[in-house]
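Inside the fold
This is what each chain is made of:
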Amino acid sequence: MTATHHETATAAASGAGATARFKSDKAYGGGTPPERVDLLAREVLSAVHDTIRRHKVTYDEYNALKSWLISVGEDGEWPLFLDVWVEHVVEDVATEHREGNKGTIEGPYYVPDAPEQGSTGTIPMRDNEPGTPLTWTGQVRSTDGSPLGGAKVELWHADDEGFYSQFAPGIPEWNLRGTFTTDGEGRFEIHTVRPAPYQIPTDGACGKLIAAAGWHSWRPAHLHVKVSAPGHELLTAQLYFPGDAHNDDDIASAVKPELILDPKPAGDGETIAYDFVLDPERS
Ligand code: MBD
Ligand code: FE
């Protein structure tokens with residue numbers, strides 16, 4: 001199948017989708033106590049004030065910021081902006097106690113409840129889905145080495161053009177999104193295709209910031225996963241491919257050396273072996 005959504009993929013449409021997804025699915029942090037809001041809001045504002053004084057920010061620059069912030073909301077790009085430039089630090093802090101697998105950011109394009117595929121299966125994809133076929137075998141274990149049968153491995157990733165189903169037009173709803181459940185020995189085998197690198201939309205507010213600052217707009221190709229098992233902390237991670245030009249300068253700062261795969265050629269595609277170790281929940 002030839003993908004034809006190129007012309008119609010817009011920042012505003014994928015941003016609106018990501019914003020709706022977030023609002024339908026996430027707690028808002030409404031329980032944050034006033035002392036904490038006071039402390040954090042004051043410190044962030046104070047860092048802004050310091051920057052203005054240190055660099056003698058002008059009214060022109062202040063108005064450029066104001067109009068840009070308005071456009072982030074209009075384009076629905078708050079999820080994209082925050083997940084690209086802020087989430088990686090939140091993730092580091094949230095998982096620094098872990099002994100098991102390194103994780104990384106979730107990003108804006110996760111959708112829960114992707115179709116169940118069992119322990120061995122093919123992720124939902126189109127007939128003749130473009131891209132190098134990928135066979136991934138792995139095992140989920142606890143930090144004490146015991147295999148975790150019945151663990152969930154939720155996998156979602158971009159297609160061979162860098163587009164995500166449900167956030168770009170013209171792609172079937174659950175394309176390249178699936179839930180796998182490990183067998184009694186904690187093992188799984190997943191068939192999919194290699195994703196392409198991801199470019200931040202150039203026509204939205206985030207793209208305007210990138211262009212205005214002279215940055216590049218790329219994330220390296222990646223597979224997103226959430227791995228979960230009863231009594232264990234949820235692991236959110238991404239896996240990367242060696243040699244990707246942007247592994248060293250991911251715009252979202254989400255690559256860690258432990259998350260880079262070692263694919264081996266096999267037939268008309270490649271195989272990867274990657275296991276997960278989950279931390280037991282802390283009491
Ligand atoms: C992505 O695909 C992604 O994973 C992140 C973190 C941000 C933007 C797009
Ligand atoms: Fe992604």
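Parameters at a glance
- Residues numbered from 1 in each chain as written.
- Chains lettered and ligands numbered in written order.
- Predicted model: local features only at pLDDT ≥ 70, side-chain atom pairs only at ≥ 80, totals over all residues.
- Heavy atoms only, no water.
- UniProt positions renumbered as here; feature names shortened; annotations may be inferred.
- Near = heavy atom within 4 Å.
- Polar contact = N/O pair within 3.5 Å; in protein donor to acceptor, adjacent residues only side chain to side chain.
- Areas by Shrake-Rupley, 256 points an atom, 1.4 Å probe, with all protein chains shown as cover.
- Donors = N, O, S within 2.8 Å, 3.2 Å for Na, K, Ca; no water.
- Helix = DSSP H or I, 4+ residues; strand = E, 2+ residues; numbered from the N terminus.
- 1 Å grid on protein atoms, 1.4 Å probe; cavity = no way out; pocket = protein on both sides within 12 Å on 5 of 7 lines; lining within 4 Å.
- Points joined across faces, edges and corners; volume = space filled by probe spheres on them.
- Nonpolar A, V, L, I, M, F, W, Y, C, P; charged D, E, K, R; others polar.
- Pairing = 2+ DSSP bridges.
- Axes fitted to C-alpha atoms, helices over the stretch in contact; angles between N-to-C directions.
- Salt bridge = Lys/Arg side-chain N within 4 Å of Asp/Glu carboxyl O.
- Buried < 20%, exposed > 50% of the residue type's maximum accessible area, 1.4 Å probe, protein only.

Per an unreviewed UniProt entry, the chain carries the name Catechol 1,2-dioxygenase and comes from Amycolatopsis acidicola. Per UniProt, the chain carries the Cofactor (unreviewed entry) text "Fe(3+)". Taken from UniProt, the Sequence similarities (unreviewed entry) comment for the chain reads in full: "Belongs to the intradiol ring-cleavage dioxygenase family."

Residues in contact with ligand 1, as listed here, are Leu-80, Val-84, Ile-105, Gly-107, Pro-108, Tyr-109, Tyr-164, Tyr-198, Arg-219, His-222 and His-224. Tyr-164 is positioned such that a nitrogen or oxygen atom in its side chain is 2.9 Å from an oxygen atom of ligand 1. Arg-219 has a polar side-chain atom sitting 2.9 Å from an oxygen atom of ligand 1. Considering ligand 1 on its own, with 260 Å² of exposed area, one finds that the protein chains cover 100% of that surface.

All of the protein donors around the iron ion (ligand 2) are Tyr-164 (OH), His-222 (NE2) and His-224 (NE2); their distances to the metal are 1.9 to 2.1 Å. Sequence spacing of the donor residues for the iron ion (ligand 2), all on one chain, is Y-x57-H-x1-H. Of this pair, Tyr-164 sits in the loop between β3 (152-157) and β4 (177-181) while His-224 sits in strand β8 (residues 222-228), placing them 60 residues apart in sequence.

Another aspect to go through is empty space enclosed by the protein. For the structure shown, the criterion picks out two cavities of 30 Å³ or more. When its volume is computed, the largest cavity comes out at roughly 100 Å³. Surrounding the largest cavity, 15 residues form its lining, Gly-107, Pro-108, Tyr-109, Arg-219 and His-222 being those nearest its centre. Here the lining of the largest cavity takes three residues from helix α4 (residues 78-85), the largest share from any one element. Looking at the lining of the largest cavity residue by residue, the class counts come to nine nonpolar, four polar and two charged. Quantified by volume, the second largest cavity comes out at close to 30 Å³. Lining of the second largest cavity is provided by Ala-11, Ser-14, Gly-15, Ala-18, Glu-77, Leu-80, Pro-108, Tyr-109 and Pro-201.

What follows deals with the sheet that holds β3. The strand order across the open sheet built from four strands is β4-β3-β8-β9, with neighbouring strands paired in antiparallel fashion. The open sheet terminates on both sides in strands that have one partner only, identified here as β4 and β9 (235-240). Neighbour to neighbour, the strand axes of the sheet diverge by 20° on average, direction disregarded. With six bridges joining them, β3 and β8 adopt antiparallel strand pairing. Bridge pairing in β8 links Leu-155 to Val-225.

Our next topic: the pattern of salt bridges. Counted according to the given criterion, the structure contains 14 salt bridges. Linking Lys-256 and Asp-92 is a salt bridge whose minimum nitrogen-to-oxygen distance equals 3.4 Å. Of this pair, Lys-256 sits in the loop between β9 and β10 (264-266) while Asp-92 sits in helix α5 (residues 87-95), and the two are 164 residues apart along the sequence. Judged by its relative accessible area of 40%, Asp-92 falls in the partly exposed class.

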